Amino acid sequence: MPTTRERALDAAVELLGTEGVRALSHARVDARAQLPAGSTSNWFRTRRALLAGVVDWIAEHERADFAPAGLPLVTGPEELIDGLCAMAELLTGPFAVRTRARYALFLELAPDPELGAPLRRQRQEFERWTERIVTAVGIPDPVPAARALMALGDGLLLHRLTIDPALDVRPAVERAVRSLVPEA
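Residues numbered from 1 in each chain as written. Predicted model: local features only at pLDDT ≥ 70, side-chain atom pairs only at ≥ 80, totals over all residues. Heavy atoms only, no water.

(A) Structural context of the overall build of the protein. Counting its secondary structure elements, the protein contains 9 helices and 0 strands. Along the protein, helices (α) and strands (β) appear in the sequence α-α-α-α-α-α-α-α-α when read from the amino end. If one aligns the C-alpha atoms of the protein with their principal axes, the spans along those axes are about 65 × 35 × 30 Å. Taking all 184 residues of the protein together, the buried fraction comes to 41%. Counted over contacts in the protein with a minimum sequence separation of 6, partners at least 24 positions apart contribute 65%. Carbon together with sulfur atoms contributes 58% to the accessible area of the protein, which is approximately 10100 Å² in total. Computed over 22 positive and 25 negative side-chain charges, the inter-centroid distance for the protein is 6 Å. (Helix = DSSP H or I, 4+ residues; strand = E, 2+ residues; numbered from the N terminus. Buried < 20%, exposed > 50% of the residue type's maximum accessible area, 1.4 Å probe, protein only. Contact = heavy atoms within 4.5 Å. Areas by Shrake-Rupley, 256 points an atom, 1.4 Å probe, with all protein chains shown as cover. Lys, Arg positive; Asp, Glu negative; His and termini not counted. Charge placed at Lys NZ, Arg CZ, Asp CG, Glu CD.)

Below you can see the structure in the form of C-alpha cells.
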C-alpha cells in the first residue's frame, strides 16, 4: 500500500506528464491522488519542495527501471540497436507520462541550478552508462558517440510524444549505430 507521500508524488508526476508544469499545485495533487486537502503540503511545504520531490521521484524510478544489472548484456551493434529501440518503446509507451513530466521539468528547471541539479546528475549517470555500452560494442570515441546516440534518442522520444506516437524509431537508430561502428 503506497504511503500518502508516494501517492502525492505519483499524482504530481501524472499531472506534470498529462497537463504540464502549470497544472502542478498542492490542491490539484491532493485531488488527483484522492487525498484529504492539505496532505501534499504536509510533505512538501512549498511548490519548490514539491518540484524537488518530483525530480527525485523520477530519478529514483528511472534508475530502478533501467538498472544495468536488470538489463541484457550489450556487446554488439545489433544488441545496441535492439536495446535503444526497446527503451524508446518503454519511454513513449508505458512510461510516457513520466517521460513527458521529465521533459517538462527539464524545461522549467533549466535556469534553476539547485532544482535542476538532480535531473542533470541523472542524465550524466545515463551518459556514463551509455558510454560503457558503446565501449563494449567497440565504437571508438565513446563519449561523443554516446552523446550523439542520446541526443538522437531525445529527438525520437520527443517526436513520438508530440507528433507521431507510432513513429518507427528503428531505421534512425540503425543508421546512427551503424555509422558509429568501425568497418570490419
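(B) Representation of the packing of aromatic side chains. In this structure the tally under the stated criterion is 3 aromatic pairs. Seen from their ring centres, Phe66 and Phe95 are 6.1 Å apart, and the 85° between their planes marks the pair as edge-to-face. Within this pair, whereas Phe66 is found in the loop between helix H4 (47-65) and helix H5 (77-92), its partner Phe95 is found in the loop between H5 and helix H6 (96-109), the two being separated by 29 residues in sequence. Between the aromatic rings of Phe66 and Phe126, the centroid separation amounts to 6.5 Å while the plane-to-plane angle is 75°, which identifies the pairing as edge-to-face. With a gap of 60 residues between them, Phe66 in the loop between H4 and H5 and Phe126 in helix H7 (residues 113-137) connect regions that are remote in the sequence. Across the pair, exposure class does not vary: Phe66 and Phe126 are buried alike. Seen from the ring of Phe95, Arg98 lies directly overhead, with NZ or CZ sitting 4.2 Å from the centre. (Phe/Tyr/Trp six-rings, centres within 6.5 Å; stacked < 30°, edge-to-face > 60°. Lys NZ or Arg CZ within 6 Å of the ring centre and 35° of its normal.)

(C) Representation of the pattern of salt bridges. Under the definition given, this model contains 15 salt bridges. Measuring nitrogen to oxygen at the nearest pair gives 2.6 Å for the salt bridge that ties Arg32 to Glu19. Of this pair, Arg32 sits in helix H2 (residues 26-33) while Glu19 sits in helix H1 (residues 4-19), placing them 13 residues apart in sequence. Among the charged side chains, a salt-bridge network with shared partners connects Glu14, Glu19, Arg28 and Arg32. (Salt bridge = Lys/Arg side-chain N within 4 Å of Asp/Glu carboxyl O.)

(D) A negative patch on the surface, seen in detail. On the surface, Glu6, Asp10, Asp56 and Glu60 cluster together into a patch of negative charge. For the negative patch, the elements supplying multiple residues, two or more each, are H1 and H4. Position of Asp56 relative to the elements: it lies in helix H4. (Patch = residues over 30% accessible without salt bridge, like charges linked within 9 Å, V, L, I, M, F, W, Y side chains within 5 Å.)

(E) Highlighting the side chain of Arg160. On the secondary structure map, Arg160 appears in helix H8 (residues 142-162). Since its relative accessible area comes to 9%, Arg160 is described here as buried. A distance of 2.7 Å separates a polar atom in the side chain of Arg160 from a polar atom in the side chain of Glu89. (Polar contact = N/O pair within 3.5 Å; in protein donor to acceptor, adjacent residues only side chain to side chain.)

(F) Up close: the packing of H1 against H6. Packing of H1 against H6 leaves a shortest axis separation of 7 Å and a crossing angle of 80°. Between H1 and H6, the crossing angle belongs to the class labelled roughly perpendicular. On H6, the residues touching Val13, Glu14, Leu16, Gly17 and Thr18 of H1 are Val97, Arg98, Arg100, Ala101, Ala104 and Leu105. A class-by-class count of the residues in the contact of H1 with H6 yields 6 nonpolar, 2 polar and 3 charged. (Axes fitted to C-alpha atoms, helices over the stretch in contact; angles between N-to-C directions. Parallel < 35°, antiparallel > 145°, perpendicular 65-115°, else oblique. Nonpolar A, V, L, I, M, F, W, Y, C, P; charged D, E, K, R; others polar.)

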